Amino acid sequence: MAGRAQIRTNNSALIAMIADEDTVTGFLLAGVGNVDIRRKANYLIVDSKTTVKAIEDAFKEFTSREDIAVVLISQYIANMIRFLVDSYNKPVPAILEIPSKDHPYDPAHDSVLSRVRYLFSAESVASGRR
């Protein structure tokens, strides 16, 4: 279909991570990590010294790379750059907010879940089921 974003199939697509050290380490041990020839990693470890600007830059870089299909971001970190996460509207790479060890998942702040709620409520209004 002409309007759909396609993931390149000639190479494998990557998962990018923006999260705390424990979360990123777990995913790296599962085989998610990648460092390309330019020494660009597909993850950012966020700690107390990481600036919001660095998080914003990583988010923009990961969402603009053609080799990344999914960006996993800890929800508390997504809240730091909520304006960027909420304004992102491309299907690929998909943005998924995940919980971290110290910060539980809050569905009220999840941008994907809020979009789904909006679509279903608009669909319900359009069909007269409300």
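The structure this text deals with has already been given above.
Keep in mind that this is a model prediction, so the values were computed, not measured. (Residues numbered from 1 in each chain as written. Predicted model: local features only at pLDDT ≥ 70, side-chain atom pairs only at ≥ 80, totals over all residues. Heavy atoms only, no water.)

1. Section: the overall build of the protein chain
The following threshold applies: Secondary structure elements are defined from DSSP: runs of H or I of at least 4 residues count as helices, runs of E of at least 2 residues count as strands, and each element is numbered from the N terminus. Three exposure classes are used, based on accessible area relative to the maximum for each residue type with a 1.4 Å probe and protein chains only: buried under 20%, partly exposed in between, and exposed over 50%. Residue contacts are defined here by distance: any two heavy atoms, one from each residue, within 4.5 Å place the two residues in contact. Residue exposure ignores everything except the shown protein chains as possible cover, and the areas themselves are Shrake-Rupley values with a 1.4 Å probe.
Within the protein chain, the regular secondary structure consists of five helices and four strands. Beginning at the N terminus, the succession of helices and strands in the protein chain can be written as β-α-β-α-β-α-α-β-α. Looking at the protein chain as a whole, 33% of its 130 residues qualify as buried. Considering only intrachain contacts with a sequence separation of at least 6, the fraction spanning at least 24 residues in the protein chain is 64%. Here the protein chain has roughly 8500 Å² of accessible surface; of this, 56% comes from carbon and sulfur atoms.

2. Structural notes on helix 1 (residues 21–29)
Note the threshold: Whenever a nitrogen or oxygen atom comes within 3.5 Å of another N or O atom, the pair is scored as a polar contact, on the condition that within protein one atom can donate a hydrogen and the other can accept it, and that pairs from neighbouring residues in sequence are kept only if both atoms are in side chains.
Two or three places before Asp22, at the opening of helix 1, Asp20 has a side-chain oxygen 3.2 Å from that residue's backbone nitrogen. Phi turns positive, to about 100 degrees, at Gly31, one or two residues after helix 1.

3. Re the pattern of salt bridges
If charged atoms from side chains of opposite charge come close, those side chains can pair. What counts, and what does not: Each reported salt bridge corresponds to a side-chain nitrogen of Lys or Arg within 4 Å of a carboxyl oxygen of Asp or Glu.
All chains considered together, the criterion is met by seven salt bridges. One salt bridge in this structure joins Lys101 and Asp22, with 2.6 Å as the shortest N-O distance. With Lys101 in the loop between strand 4 (94–98) and helix 5 (111–127) and Asp22 in helix 1, this residue pair connects regions lying 79 residues apart in the sequence. Classification of Lys101 as exposed rests on a relative accessible area of 62%. Under the relative-accessibility criterion, Asp22 is labelled partly exposed at 44%. A salt bridge links Glu97 to Arg82, with the nearest nitrogen and oxygen atoms 2.8 Å apart. In this pair, Glu97 is assigned in strand 4 and Arg82 in helix 4 (residues 82–87), connecting sequence segments 15 residues apart. What makes Arg82 buried here is its relative accessible area of 15%. Because the salt bridges share partners, they merge into one network encompassing Glu61, Arg65 and Asp67.

4. Overview of the sheet that holds strand 1 (residues 14–19)
Cut-off, in case you're wondering: Strand pairing requires that DSSP identify at least two bridges connecting the strands. Axis geometry follows a simple rule: fit a line to the C-alpha atoms, using only the stretch in contact for helices, then measure angles between N-to-C directions, giving values from 0 to 180 degrees.
Strand order in the open sheet formed by four strands is 2-1-3-4, with parallel pairing between adjacent strands. The sheet is open, and its two edges are formed by strand 2 (43–45) and strand 4, each paired on a single side. Across the sheet, the mean angle from the axis of one strand to that of its neighbour is 20 degrees, orientation sign disregarded. Relative to strand 3 (residues 68–74), strand 1 is paired through five bridges, and the arrangement is parallel. Among the inter-strand pairings, Ala16 is bridged to a residue of strand 3, identified as Val71. Along the sheet face, helix 1 touches strand 1, strand 2, strand 3 and strand 4 and points at about 160 degrees away from the line of strand 1. Along the sheet, helix 2 (residues 52–64) contacts strand 1, strand 2, strand 3 and strand 4; its crossing angle with strand 1, the most-contacted strand, is approximately 170 degrees.

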